[in-house]
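# Observations on chain architecture
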Amino acid sequence: MRVLVVEDEPYMATAIRDGLRLEAIAADLAGDGDTALELLSINSYDIAVLDRDIPGPSGDEIARRIVASGSGMPILMLTAADRIDDKAAGFELGADDYLTKPFAFKELVLRLRALDRRRAHSRPPVLEVAGLRLDPFRREVYRDGKYVALTRKQFAVLEVLVGADGGVVSAEELLERAWDENADPFTNAVRITVSALRKRLGEPWLIVTVPGVGYRIEAAGG
């Protein structure tokens, strides 16, 4: 999952981003409305976390733009306002959920995952292919009934590959969806992570390298 966090308080924004990374959720930050709109125009996000009171175009305006785009991207409003009429206004703008500051970080994570499940309601909550069972909510992976311990980044990469349903996923797309905007496009992180992931899953190899194109899950398991 990759989210855009629009928050103008640097300390809070950084804390949210770093915390989400520990939960295998990639997060990009925008401290004002203009930066948020720019990032939305060049990147693909699963969820937008919007503070309503930000410099430049407000969080409300960002929400309007997202809804108008027709992308269907879920919106979680993040604000200090806790009055019912403020919440009602946010929902009327198209927000899917609302979290009032101060909040427990765990609650933010749970709400994001709930929104992600709702967004991907057409996808089975548990993904299975070639004896591999991946549970996005519990963050668990089993192969042939045996639990496979993965790092957060390995899980994120595997989730993208399994979600591709046998299709080829380029290294660039993996970098975009499992890392964040600060990732070096020339890094070997994808190749190294995929190699380690392949070993964790064991033989017969499930992840196939398509030379010059990317990676895919081999449904036949070999």
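Residues numbered from 1 in each chain as written. Predicted model: local features only at pLDDT ≥ 70, side-chain atom pairs only at ≥ 80, totals over all residues. Heavy atoms only, no water.

## A word on the sheet that holds strand S7 (residues 132–135)
Pairing within the open sheet is antiparallel, and its four strands lie in the order S6-S7-S8-S9. This sheet does not close on itself; its edge strands, each paired only once, are strand S6 (127–129) and strand S9 (146–147). Sheet strands touched by helix H6 (residues 152–163): S6, S7 and strand S8 (140–143). Its angle to S7, the strand with the most contacts, is close to 115 degrees. (Pairing = 2+ DSSP bridges. Helix = DSSP H or I, 4+ residues; strand = E, 2+ residues; numbered from the N terminus. Contact = heavy atoms within 4.5 Å. Axes fitted to C-alpha atoms, helices over the stretch in contact; angles between N-to-C directions.)

## Re the sheet that holds strand S2 (residues 26–30)
Strand order in the open sheet formed by five strands is S2-S1-S3-S4-S5, and the pairing between neighbours is parallel. Strands with a single pairing partner mark the edges of an open sheet, and in this sheet they are S2 and strand S5 (97–100). When the angles between neighbouring strand axes are averaged without regard to direction, this sheet yields 20 degrees. The sheet contact formed by strand S4 (residues 75–79) and S5 spans four bridges and is parallel. Bridge assignment links threonine 79 to a residue of S5, and that residue is threonine 100.

## Considering the side chain of arginine 143
Examined against the element boundaries, arginine 143 turns out to sit in strand S8. Buried and unpaired, arginine 143 has no salt bridge, with aspartate 144 as the nearest side chain of opposite charge at 4.2 Å. Here the side chain of arginine 143 touches proline 204 through a polar contact of 2.6 Å, landing on its backbone oxygen. Once you skip the residues sitting within four places of it in the chain, arginine 143 turns out to touch Gly131, Leu132, Val148, Leu201, Gly202, Glu203, Pro204 and Leu206. (Buried < 20%, exposed > 50% of the residue type's maximum accessible area, 1.4 Å probe, protein only. Lys, Arg positive; Asp, Glu negative; His and termini not counted. Salt bridge = Lys/Arg side-chain N within 4 Å of Asp/Glu carboxyl O. Polar contact = N/O pair within 3.5 Å; in protein donor to acceptor, adjacent residues only side chain to side chain.)

## A word on the environment of glutamate 7
In this fold, glutamate 7 is placed in the loop between strand S1 (2–6) and helix H1 (10–22). Here glutamate 7 falls in the buried class, since its relative accessible area comes to 2%. Only 2.9 Å separates the side chain of glutamate 7 from the backbone nitrogen of glutamate 9, close enough to count as a polar contact.

## A word on the UniProt feature "modified residue: 4-aspartylphosphate" (unreviewed entry) in the protein
According to UniProt, the positions carrying the feature "modified residue: 4-aspartylphosphate" (unreviewed entry) are Asp51. Relative to the elements of secondary structure, aspartate 51 occurs in strand S3 (residues 47–51). Sequence-distant contacts of aspartate 51, that is, excluding residues within four places in its chain, are made with Val6, Glu7, Asp8, Gly59, Leu78, Thr79 and Lys101. (UniProt positions renumbered as here; feature names shortened; annotations may be inferred.)

## Some details on the pattern of salt bridges
Should the charged atoms of two oppositely charged side chains come close, the side chains can pair. Evaluated as defined, the whole model comprises 14 salt bridges. With its nearest N and O atoms 3.3 Å apart, the salt bridge here joins arginine 17 to aspartate 18. Accessibility expressed as a relative area gives 34% for aspartate 18, which makes it partly exposed. Glutamate 218 is paired through a salt bridge with arginine 216; the nearest N and O atoms lie 3.2 Å apart. Residues joined by salt bridges that share partners form a network here, namely Glu7, Glu9, Asp51 and Lys101.

## Some remarks on the packing of H6 against helix H7 (residues 171–178)
Put simply, H6 and H7 touch, their axes get as near as 10 Å, and they point 120 degrees apart. When the interaxial angle is binned, H6 and H7 end up oblique. Viewed along their axes, H6 and H7 form a crossing whose handedness is right-handed. From H6, Lys153, Ala156, Val157, Val160 and Leu161 reach across to H7, where they touch Leu174, Arg177 and Ala178. (Parallel < 35°, antiparallel > 145°, perpendicular 65-115°, else oblique. Left-handed = near helix turned anticlockwise from the far one by under 90°.)

## Considering the packing of helix H2 (residues 33–42) against helix H3 (residues 59–69)
Between H2 and H3, whose axes approach to 10 Å, the crossing angle comes to 20 degrees. When the axis of H2 is compared with that of H3, the two are roughly parallel. As H2 runs across H3, the sense of the crossing is right-handed. Counted together, Gly33, Ala36, Leu37 and Leu40 of H2 and Ile62, Arg65 and Ile66 of H3 form the full contact between these two elements.

## Topic: the nonpolar core
Ranked by internal contacts, the top residues of the largest apolar core, which has 27 residues, are Val141, Val157, Leu158, Leu161, Leu174, Leu201 and Ile207. When residues of this core are traced back to their parent elements, those giving at least two are S7, H6, H7, helix H8 (189–201) and strand S11 (214–217). Considering each element in turn, this core owes the most residues, seven residues, to H6. Excluding residues within four positions of it along the chain, isoleucine 207 makes contact with Leu161, Val194, Leu197, Arg198, Leu201, Tyr215, Arg216 and Ile217. Within the second largest apolar cluster, 20 residues are counted, among which are Leu4, Leu37, Ala48 and Met77. (Core = buried A, V, L, I, M, F, W, Y, C linked by side-chain atoms within 4.5 Å.)

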